[in-house]
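Spelled out from the first residue to the last, the chains are:
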Amino acid sequence: MCSDNNFDDPGAMLLNGPRTRAFITGSEAVCEAVKRACVDMAIAYPITPQSESMHLIGDLYAKGYIKDYYRAENEFAVMAAVHGAALGGGRVFTATSGPGTLRAMEMFPVWAGARQPIVCAFMCRGVSLPPSIQPENIEMGMLLDTGMLMFHAENGQDFHDMILQAYLIAEQTDVHLPAGVFADGFFVTHTREEMMLPPEDFRLLPYDSNLAPVPTFDMETPPMRITRDPLLNKSNFISSSANASWHQEILAAAERARKHIRRFMGGLIEVENPGSKVFIAASGTAVSQSREAIRILQGEGIDAGLIKIKSIRPFPEQELKDAVEGADHIIVPEFNAGGWLAREIRASLDRNTRVTAGPRVFGGMTMPPWLIADEVKSAIQAAKVNGGN
Amino acid sequence: MKTGMLKISPGFEDIMPEEYRELVDNGPYGKNYGIGDLGSFKELLEEHPLCAGCGLALSLRLTLASLPMPEETVIVGSTGCSALAFPQVALHNIHSLFGNQNAVATGVKRALKLRFPDKEKDVVVIAGDGATADIGLDMVMQSWLRRENITTIMLDNEAYANTGGQESGMSMPGTVLNMAPTGKKFPKLSLPEIAHTSGCDYVAAVSPAKPKQLAKAVRRAILVARKIGPTYVQIFSPCPTNYKLNPKETVSVIRQREKDGLYQTKEFISEEAQAFLNTVEEKK
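Note that this is a predicted model, so its numbers are computed, not measured. (Residues numbered from 1 in each chain as written. Chains lettered and ligands numbered in written order. Predicted model: local features only at pLDDT ≥ 70, side-chain atom pairs only at ≥ 80, totals over all residues.)

Regarding unusual backbone geometry
All names here are of chain A.
- Residue P130 follows L129 across a cis peptide bond; omega there is -10°.
- Within the secondary structure, P130 is located in the loop between β5 (119-124) and α7 (138-142).
- Cis geometry is found at the peptide bond from R313 to P314, where omega equals -5°.
- Among the structural elements, P314 can be located in the loop between β12 (311-313) and α11 (317-323). (Helix = DSSP H or I, 4+ residues; strand = E, 2+ residues; numbered from the N terminus.)

Regarding the sheet that holds strand β10 (residues 278-282) of chain A
All names here are of chain A.
- Strand order in the open sheet formed by five strands is β9-β11-β10-β13-β14, and the pairing between neighbours is mixed. Either end of the sheet is taken by a strand with one partner, and the two such strands are β9 (269-272) and β14 (355-356).
- Alignment of β9 against strand β11 (residues 305-309), held across four bridges, turns out to be antiparallel. In the sheet register, I269 faces β11, and the bridge partner there is I309.
- Across the sheet, helix α13 (residues 369-385) lies against β10, β13 (329-331) and β14, angled at about 155° from β13, the strand it touches most. (Pairing = 2+ DSSP bridges. Contact = placed C-beta atoms within 7 Å. Axes fitted to C-alpha atoms, helices over the stretch in contact; angles between N-to-C directions.)

Topic: the packing of helix α10 (residues 285-299) of chain A against α13 of chain A
All names here are of chain A.
- Between α10 and α13, the least distance of the axes is 8 Å, while the angle of their chain directions is 60°. Accordingly, the angle class assigned to the pair α10 and α13 is oblique. Crossing of α10 over α13 shows right-handed handedness. Of the residues in α13, those touching α10 at Q289, S290, E292, A293, I296 and L297 are P369, W370, I372, A373 and V376.
- Within the contact of α10 with α13, the residues separate by chemical class into eight nonpolar, two polar and one charged. (Parallel < 35°, antiparallel > 145°, perpendicular 65-115°, else oblique. Left-handed = near helix turned anticlockwise from the far one by under 90°. Nonpolar A, V, L, I, M, F, W, Y, C, P; charged D, E, K, R; others polar.)

Quick look at the pairing of strand β2 (residues 41-44) of chain A
Residue and element names in this part refer to chain A.
- Where burial is concerned, the two faces of β2 agree: the one with M41 and I43 and the one with A42 and A44 are both buried.
- For β2 and strand β4 (residues 92-96), the ladder comprises two bridges, and the chain directions are parallel. Within β4, the residue paired with A42 across the bridge is F93.
- The parallel pair β2 and strand β3 (residues 68-71) is bridged by helix α3 (residues 51-62), and the resulting crossover is right-handed. (Buried ≥ 20, exposed ≤ 12 C-beta atoms within 10 Å, placed from the backbone. Right-handed = clockwise from strand over helix to strand, strands pointing away.)

What about the interface of chain B and chain A?
- Each partner contributes residues to the interface: chain B has 34 residues there, and chain A has 32 residues.
- Elements with a contribution of two residues or more to the side of chain B that touches chain A: β1 (73-77), β2 (93-95), α4 (101-115) and α6 (137-145) of chain B.
- By residue number, the principal contributor to the side of chain B that touches chain A is α4 of chain B, which donates eleven residues.
- Looking at the side of chain B that touches chain A residue by residue, the classes come out as 18 nonpolar, nine polar and seven charged.

Considerations on the packing of helix α2 (residues 55-66) of chain B against helix α8 (residues 211-227) of chain B
Residue and element names in this part refer to chain B.
- Between α2 and α8, whose axes approach to 9 Å, the crossing angle comes to 50°. Considering their axes alone, α2 and α8 lie oblique with respect to each other. Taken as a pair, α2 and α8 cross one another with a handedness that is right-handed. Contact residues: L62, T63 and S66 in α2; P211, L214, A215, V218 and R219 in α8.

A look at the sheet that holds β3 of chain A
Residue and element names in this part refer to chain A.
- Taken in spatial order, the seven strands of this open sheet run β3-β2-β4-β5-β7-β6-β12, and their pairing is mixed. Each of the sheet's edge strands pairs with one partner strand only, and the pair in question is β3 and β12. Between one strand axis and the next, the sheet turns by 20° as a mean value, whatever way the strands run.
- Both β4 and β5 contribute to a ladder of four bridges, which runs parallel. Its bridge partner being in β5, T96 is matched across the sheet by F122.
- On top of the sheet, α3 reaches β2, β3, β4 and β5; it is set at about 140° to β2, its chief contact.
- Packing of helix α4 (residues 75-87) onto the sheet brings it into contact with β2 and β4, and relative to β4 it is tilted by some 165°.

Describing the environment of M16 of chain B
Residues and elements named next belong to chain B.
- If you trace the backbone, M16 turns up in the segment before α1 (18-26).
- Judged by C-beta crowding, with 13 C-beta atoms within 10 Å, M16 ranks as partly exposed.
- Leave out the neighbours within four places in its chain, and M16 touches I8 and R21.

What follows is the structure, given as structure tokens:
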């Protein structure tokens, strides 16, 4: 059904084209995105809360929207098989959650190393013992240095849009990297909300493997000896230098993705109430909770701004620096125990004692807006006591 | 293979390596060569770095010379000794990770089917015994159970040779190896039988001691995988380095094992595969 495409510039269409209203869940939003993404092949493996979206994508296959689909044996095998399909020149999609992400972990740097623009949705949930299937995004902190692009959806609308945008960004010749689109499980996947969808007949252009910066493994694309003189295996200066420069190029490709993220996603961050003295900086569903916290604070006469971080990799260091240049406090609420986002923000800013790493909830707890508002007030109060701002 | 894929751009002839020019002028692509033609054409494997007398290297040479259509063959390898040789193989070959080869091959085969619906593209997995029978057994068997149209070839040197000679599931019981300091405590895995009961339409256990039999098995396995279903070939390829054998005795070691009843050639062919092979081999 890729041939139905009537849109020359799907990127512009996605950003500014007409949309129609729909009242659907996040899982259904994933399905709506994949339906329009001209995907050749999707591979599924069950795990909560991801399964529902991959069931729906199975239905897409049954209806002919996707050319191939199957249930694989485990997440490592799923990620290996989509890797194989991408090496063979196909556009692929898969999704997983928490423990599935960790089961498949070895494959993610391989995707990046092979420079394959695989798009994977992560419906984040708890990992480790005691077991939890509840929302939590600690797995994102574990994926920060795998080489993949990482986008964090606030809601179902973002989840839908970011999947389509991820293909547009990841498949650019000067990028050609895997992209993970993350959403906090259940909160996004199982919540029904009003969304705006592109027209039913909207499609991305089909993937053209000839535009890839690396050859396709099909015995049609030169060079014949793709791995002649290997980048690994030989313990000498030339092989380690070649290996190192390959990895530098992966990092450079992620840097080059910035301009495409600005074009297709409208920026790496969104700022509300610019110029505020107090900012809440968050990603995922913590953004929605922060928006409510700001409403509470404003009701109490405290002015605060919001920074929604959409792109986690590449990380918007400069955008953040600029946004908080005149700010005294940056509060970072998170749905995980580790506080990876606060660490990233602290590492990006000067005067980083301005950053409060919290509040944090995990194990499936919700994050009430008052908890964030209290953290903001505590930070302001502590600064007053210490004679600061 | 696209016409001209190998062709050297005008003006670059003199700077391309000699062995590449030989491949262009006298390679096996589209020629339907077999092992009987070895010595008369430029082989796909060039200057491999494997040890003297390596059984795996010999098996790999014979396997590559037996491919029915090298010009349309994509190899998926795995970590191990063979991964050291594959960068020197003039076919598109993929090295992803240790053990995931049959999952990767599944993806490659399915993508190539979608992209080239009117063309045969053979996807052949060539991996060691550790990759096939231990760390990757799950994905190997699952690809058989799913009836993927891929050929799985195990180069069985009965050890993890590349990491320094550790016991594998394919080592013989009682063998003292690294990580089996008092000898292996359980039998060699009967993977040909497992492949047979897992639905492989063609299964063979062969060795380079009988090159013609090896060549026939590889060819049959690839042809059956194309049209009928999954296939498996296990090639006994002793490791002189880790088993402390005299490198020149690799083949005689295989013969002795066979004589002692400790290695057997095997072949299982499903009815459907046999009917198909009859038509193919009659034509020939």
